[in-house]
Amino acid sequence: MEFSKTTRDVARVMPITNRKLKLTPDLSSNREWCAIAAMIYSHSLPSEVLSKIHEFVAEIKWPYKEAQLKLSEILENCDKFPLCVGYYRALMRLIQKDLDDQSAEVTDTIMERVIEAYSTPNPVGDQPDMGYYSYLLPRKYPIEESSSSSSSSSSLVVPIRVLRGHNLVGLRPWEAGLMLAEICLVCSPTFFKGRRVVELGSGIGMTGLCFARGLSNANRPSALVMTDFDDEVLENLQHNVDINFPPESETESELIDDNSFRDNVSTDFVDWRAIQEASDLPDSMSPADITLVADCTYSEDIIDHLLRTITIILQCSKKQTQTTSTSIDIDIDADAEASNEIVKK
């Protein structure tokens with residue numbers, strides 16, 4: 001598979017991060033507010049959010065009443081999947097200061113948000129700041145340029161629970177996970193159709209959930225197995241799977257409207273150090289057509305175990321003669337079969 005754009009170019013136009021949005025035509029009238037919402041949901045720096053508001057000041061009529069009400073609506077969408085406490089407080093402090101600096105009349109809805117932010121207790125001691133990073137995506141990749149759907153149904157929100165400040169890296173967001181999801185959605189939305197996908201070091205599930213929610217039903221893999229090895233990380237990962245693909249009895253959220261992939265996505269425990277041969281792989285991980293890996297370790301001691309695990313997964317694939325090898329940035333161990341696929345970063 002060849003990419004038409006570099007990773008850096010792709011990152012600048014994807015809507016799921018806090019970068020510039022590339023929106024479908026039916027959302028063009030709401031482009032400015034969608035950009036601001038995407039930044040807030042994904043915890044972009046409060047100063048960057050305010051800069052974006054000022055950039056669009058003519059279009060959104062900030063700081064007048066209508067604009068404040070629109071900002072309140074954006075924040076209201078965070079009620080079910082709340083922002084991290086520290087971030088929410090810093091954001092509302094900056095918004096309040098900006099309104100005061102402009103001698104603008106503060107609406108009741110904004111003042112309620114300010115009071116709420118200040119009255120919410122900060123985490124105490126070693127207690128992590130738990131909240132939800134949410135990512136705004138067009139629905140669905142590949143985007144139909146002729147889409148005539150209403151703006152209210154043309155984007156979806158992918159909420160991911162994180163624990164900011166936690167010493168477990170698997171409970172925090174990492175940029176490379178988003179970059180890999182961007183590559184999957186923008187460059188190759190049809191690449192995963194009907195294939196079994198295994199993700200190693202899934203952590204909070206950012207990569208797998210963003211790309212699985214973003215793909216159209218027709219282009220989704222036949223299975224997505226998201227793995228990690230820490231019990232606390234796996235518990236949080238399963239929570240994120242459940243809120244993005246909830247059981248039918250729990251689909252009341254306006255942000256979650258699609259559980260058709262529920263039976264095809266799963267989580268599993270895997271310790272790369274324990275994978276020495278094919279028989280050590282969990283049944284859920286073999287065969288795998290595609291292996292996803294993104295920023296899953298910073299320890300040099302674990303790299304050899306990771307590469308050995310990837311090699312064994314590829315060697316166990318039942319589609320060795322039907323696929324081609326793809327890699328990004330990291331070469332696979334020389335023993336890996338060149339006829340297998342791997343997308344990794």
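**Brief notes about the overall build of the protein**
Each helix and strand counted, the protein has 11 helices and seven strands in total. Sequence-distant contacts, at least 24 apart, represent 74% of the contacts inside the protein between residues at least 6 apart. Of the accessible surface of the protein, which amounts to about 16200 Å², a share of 47% is contributed by carbon and sulfur atoms.

**Digging into the packing of helix α8 (residues 175–187) against helix α9 (residues 206–214)**
At a minimum axis separation of 8 Å, α8 and α9 run at an interaxial angle of 25°. Viewed along their axes, α8 and α9 adopt a mutual orientation that is roughly parallel. In this structure, α8 meets α9 at a crossing whose hand is right-handed. Mapping the contact onto sequence places G177, L178, L180, A181, C184 and L185 in α8 and M206, T207, C210, F211 and G214 in α9. Taken together, the residues that form the contact of α8 with α9 break down as eight nonpolar, three polar and no charged.

**Some words on the side chain of D228**
Following the sequence through the fold, D228 ends up in strand β4 (residues 223–228). At 2.8 Å, the side chain of D228 forms a polar contact with the backbone nitrogen of G203. Here D228 is in contact with G201, S202, G203, V233, L234, D268, F269 and V270, once residues within four sequence places are set aside.

**Section: helix α10 (residues 231–244)**
In this model α10 runs 20 Å from its N-terminal to its C-terminal C-alpha over 14 residues, within 8% of the 20 Å that 1.5 Å per residue would give. For α10, the complete set of buried residues consists of V233, L234, N236, L237, N240, V241, I243 and N244. Each element contacted by the buried residues of α10 is listed here: β1 (129–138), β2 (155–164), α9, β4 and β5 (265–269). A side-chain oxygen of the first residue of α10 lies 2.9 Å from the backbone nitrogen of E232; this N-cap is D230.

**Here we look at the nonpolar core**
Core analysis: the largest hydrophobic core is formed by 68 residues, its most contacted members being I40, F192 and F211. The greatest single-element share of this core, amounting to nine residues, is contributed by helix α2 (residues 31–41). With residues up to four places along the chain from it excluded, the contact list for F192 reads C184, V197, F211, L215, N219, R220, P221, I290 and L292. Core analysis: the next-biggest nonpolar cluster, separate from the first, contains 18 residues, W272, I275, M285 and L314 among them.

**Things to note about helix α7 (residues 108–119)**
Taking 1.5 Å of rise per residue, the 12 residues of α7 would be expected to cover 16 Å, and the 16 Å separating its terminal C-alpha atoms lies within 8% of that figure. Residues I110, R113, V114 and A117 constitute the buried set of α7. Angular distribution of buried residues about the axis of α7 spans 100°; they occupy a single face of the element. Residues of α7 that are exposed and angled more than 90 degrees away from the buried face: D108, E112, I115 and S119. Close packing links the buried residues of α7 with α5 (65–76) and α6 (85–101).

**Some words on unusual backbone geometry**
Across residues other than glycine, the phi torsion is negative in most instances, and most of the peptide bonds are trans. A cis amide bond links W62 with the next residue in sequence, P63, at an omega value of 10°. Within the secondary structure, P63 is located in the loop between α4 (57–60) and α5. With a phi angle near 55°, S103 is a residue other than glycine that sits in the positive phi range. Within the secondary structure layout, S103 lies in the loop between α6 and α7. Since its relative accessible area comes to 69%, S103 is described here as exposed.

**Remarks on the pattern of salt bridges**
Applying the stated rule across the entire model yields seven salt bridges. Residue R262 is joined to D242 by a salt bridge in which the shortest nitrogen-to-oxygen separation is 2.9 Å. You can see R262 sitting in the loop between α10 and β5 and its partner D242 sitting in helix α10, a full 20 residues away along the chain. On the basis of relative accessible area, R262 is assigned to the partly exposed category, the value being 24%.

**Quick notes on a nonpolar patch on the surface**
A cluster of nonpolar side chains, namely V169, W174 and Y298, defines an oily patch on the protein surface of about 340 Å² accessible area. Following the sequence through the fold, W174 ends up in the loop between β2 and α8.

**Some thoughts on the packing of helix α3 (residues 46–55) against α6**
It is at 9 Å that the axes of α3 and α6 come closest, and there the two elements cross at 40°. With respect to α6, the axis of α3 lies oblique. Handedness of the crossing formed by α3 with α6: right-handed. Of the residues in α6, those touching α3 at P46, S47, V49, L50, I53 and H54 are Y87, A90, L91, L94, I95 and D98. Looking at the contact of α3 with α6 residue by residue, the classes come out as nine nonpolar, two polar and one charged.

**Details of the confidence of the model for the protein**
Chain-level pLDDT for the protein is 79 on average; 76% of the residues reach the 70-or-more range. The low-confidence segment residues 1–29, where pLDDT is below 50, has 75 contacts with residues more than four positions distant or belonging to other chains. Below a pLDDT of 50 lies the segment residues 145–153, which in the model reaches nine contacts outside its immediate sequence neighbourhood of four places, other chains included.

Reading the values: rules and limits
Residues numbered from 1 in each chain as written. Predicted model: local features only at pLDDT ≥ 70, side-chain atom pairs only at ≥ 80, totals over all residues. Heavy atoms only, no water. Helix = DSSP H or I, 4+ residues; strand = E, 2+ residues; numbered from the N terminus. Contact = heavy atoms within 4.5 Å. Areas by Shrake-Rupley, 256 points an atom, 1.4 Å probe, with all protein chains shown as cover. Axes fitted to C-alpha atoms, helices over the stretch in contact; angles between N-to-C directions. Parallel < 35°, antiparallel > 145°, perpendicular 65-115°, else oblique. Left-handed = near helix turned anticlockwise from the far one by under 90°. Nonpolar A, V, L, I, M, F, W, Y, C, P; charged D, E, K, R; others polar. Polar contact = N/O pair within 3.5 Å; in protein donor to acceptor, adjacent residues only side chain to side chain. Expected span 1.5 Å × (residues − 1). Buried < 20%, exposed > 50% of the residue type's maximum accessible area, 1.4 Å probe, protein only. Core = buried A, V, L, I, M, F, W, Y, C linked by side-chain atoms within 4.5 Å. Arc of directions from axis to C-beta. Salt bridge = Lys/Arg side-chain N within 4 Å of Asp/Glu carboxyl O. Patch = residues over 30% accessible without salt bridge, like charges linked within 9 Å, V, L, I, M, F, W, Y side chains within 5 Å. pLDDT = per-residue confidence, 0-100.

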